[in-house]
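Observations on the three-dimensional arrangement
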Amino acid sequence: MHFKIQRQLTVALENYPGRLAAVSTTIAKERINIEAISLLDSIDQGVIRLVASDPNNCKTLLVKEGFYVIEADVLAIELTDNPGQLALLSHALAAAKINIEYIYGSNVHPGENMRLMVKVSDLGKACQVLAELTEN
């Protein structure tokens, strides 16, 4: 299990057709890659969480286009997609009294590596817990 801290951008936007297209077009024009993305909706607002190859430039571009952007550090955790891996991770964090605020990720093929983006209540402590898991 490997991990690193990455900068995530959260973009609030109106919930109607074309808003995701506007965000992704703005990013693509500057050749910035979206490495991970999650989109949540409610009746009147959407929330995009994304990790980009150049988060500072990405934020600057989006703000310039009028989007409201918030930054946060998240853990990018790479683990093998096998039964029990999420249980191992979540139990270790829970034992250290670290709350998982949200998580998103995917894999391409079962049994291969997958990447999870994890927002936790105590980033430093979570890094210590994950380092211990990696050593075992």
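Placed above this text is the structure.
So, here is what we can say about the structure in this document. (Residues numbered from 1 in each chain as written. Predicted model: local features only at pLDDT ≥ 70, side-chain atom pairs only at ≥ 80, totals over all residues. Heavy atoms only, no water.)

1. Remarks on the sheet that holds strand 5 (residues 100–106)
- Across the sheet, which stays open at both edges, the 6 strands sit in the order 2-3-1-4-6-5 with antiparallel pairing between neighbours. Edge strands, defined here as strands with exactly one partner in the open sheet, are strand 2 (34–41) and strand 5. When the angles between neighbouring strand axes are averaged without regard to direction, this sheet yields 30 degrees.
- Its contacts with the sheet put helix 1 (residues 19–29) on strand 1 (2–14), strand 2 and strand 3 (45–52), and the angle it makes with strand 1 is roughly 130 degrees.
- Packed onto the sheet, helix 3 (residues 85–95) meets strand 4 (68–80), strand 5 and strand 6 (113–120) and runs at close to 120 degrees relative to strand 4. (Pairing = 2+ DSSP bridges. Helix = DSSP H or I, 4+ residues; strand = E, 2+ residues; numbered from the N terminus. Axes fitted to C-alpha atoms, helices over the stretch in contact; angles between N-to-C directions. Contact = heavy atoms within 4.5 Å.)

2. What to know about the pairing of strand 6
- Within strand 6, 6 of the 8 residues are buried, which leaves it mostly tucked inside the rest of the structure.
- Judged from the 6 bridges that link them, strand 4 and strand 6 form a sheet pairing that is antiparallel. Each residue of the ladder has a partner; that of leucine 75, found in strand 6, is valine 118.
- In the sheet, strand 5 pairs with strand 6 via 6 bridges, with the strands oriented antiparallel. Bridge pairing links glycine 105 to leucine 116 in strand 6. (Buried < 20%, exposed > 50% of the residue type's maximum accessible area, 1.4 Å probe, protein only.)

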